[in-house]
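Structure at a glance
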Amino acid sequence: MFSHEYFMKMALQEAEAAKNLDEVPIGCVIVMKDRVIARGHNLTEQLNDVTAHAEMQAITSAANFLGGKYLKDCTLYVTLEPCVMCAGALTWSQISKVVIGARDEKRGFINKNLQLHPKTEIITGILENECSVLVKEFFKEKR
């Protein structure tokens, strides 16, 4: 059995891929039974689509892989706390677990008092520093 850190490192690789495309460096992977079934990173600039967040890319990919819309028995590892749009999609997907690297106090769903599906477990703070620094450095370079 792999650790949360193991899969969060994969999500960080996805975030780096986004950064290399000059996208906000957020990445994620979806895991089922210790196997990565989907990956995603931000593509909003590349696709000129405000909904092309890492989580949305991965949810669609995982649903296609599984042949259904529900992601029960799956875990999402994401470098930055999902926004309300992505939290809504995760709620509808009925994903079992969401593992978050860094919190997003301004745009994340947790401070908005939104809840995911009642059975969804949420874990925060996995490789928090690495995840946080990547986003902060990206925006620092943009200024």
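Residues numbered from 1 in each chain as written. Predicted model: local features only at pLDDT ≥ 70, side-chain atom pairs only at ≥ 80, totals over all residues. Heavy atoms only, no water.

Let me state the cut-off plainly: UniProt positions are given in the numbering used here, feature names are shortened, and annotations may be inferred rather than shown by experiment.
For the chain, the name recorded in an unreviewed UniProt entry is tRNA-specific adenosine deaminase, with Cloacibacterium rupense as its organism. If you open the UniProt record of the chain and go to Subunit (unreviewed entry), you find "Homodimer." The UniProt entry for the chain carries this comment under Catalytic activity (unreviewed entry): "adenosine(34) in tRNA + H2O + H(+) = inosine(34) in tRNA + NH4(+)".

**Regarding the sheet that holds strand S2 (residues 35–41)**
Selection rule: Two strands qualify as a pair provided that DSSP identifies no fewer than 2 bridges between them. Only DSSP runs of H or I with at least four residues qualify as helices, and only runs of E with at least two residues qualify as strands; both kinds are numbered from the N terminus onward. Fitting a line to C-alpha atoms yields each axis, with helices limited to the stretch in contact; the angle taken between N-to-C directions then spans 0 to 180 degrees. Note on contacts: a residue pair qualifies if any of its non-hydrogen atoms lie within 4.5 Å across the two residues.
With mixed pairing, five strands are arranged side by side in an open sheet as S2-S1-S3-S4-S5. Because the sheet does not close on itself, it has two edges, and the strands there are S2 and strand S5 (121–124). Adjacent strand axes in the sheet meet at a mean angle of 15° when their direction is disregarded. Sheet topology places strand S4 (residues 97–102) next to S5; four bridges connect them, and they run parallel. Considered in S5, the bridge of valine 98 is made with isoleucine 122. On top of the sheet, helix H1 (residues 4–20) reaches strand S1 (27–32), S2, strand S3 (74–80), S4 and S5; it is set at about 140° to S1, its chief contact.

**Considerations on the packing of helix H3 (residues 54–66) against helix H4 (residues 84–93)**
Just so we agree on the cut-off: Should an angle fall under 35 degrees it is taken as roughly parallel, and over 145 as roughly antiparallel, whereas 65 to 115 is taken as roughly perpendicular and any remaining angle as oblique. Whether a crossing is left-handed or right-handed is set by the direction in which the near helix is turned from the far one by less than a right angle, anticlockwise for left-handed and clockwise for right-handed. Under this grouping Gly is polar, as are all residues other than the nonpolar Ala, Val, Leu, Ile, Met, Phe, Trp, Tyr, Cys and Pro and the charged Asp, Glu, Lys and Arg.
Running from amino to carboxyl end, H3 crosses H4 at an angle of 20°, the nearest separation of the two axes being 9 Å. On the basis of the axis angle, H3 is roughly parallel to H4. For the element pair H3 and H4, the recorded crossing hand is left-handed. Across from Glu55, Met56 and Ile59 in H3, the residues of H4 making contact are Met85, Cys86, Ala89 and Leu90. Residue composition of the contact of H3 with H4, by class: six nonpolar, no polar and one charged.

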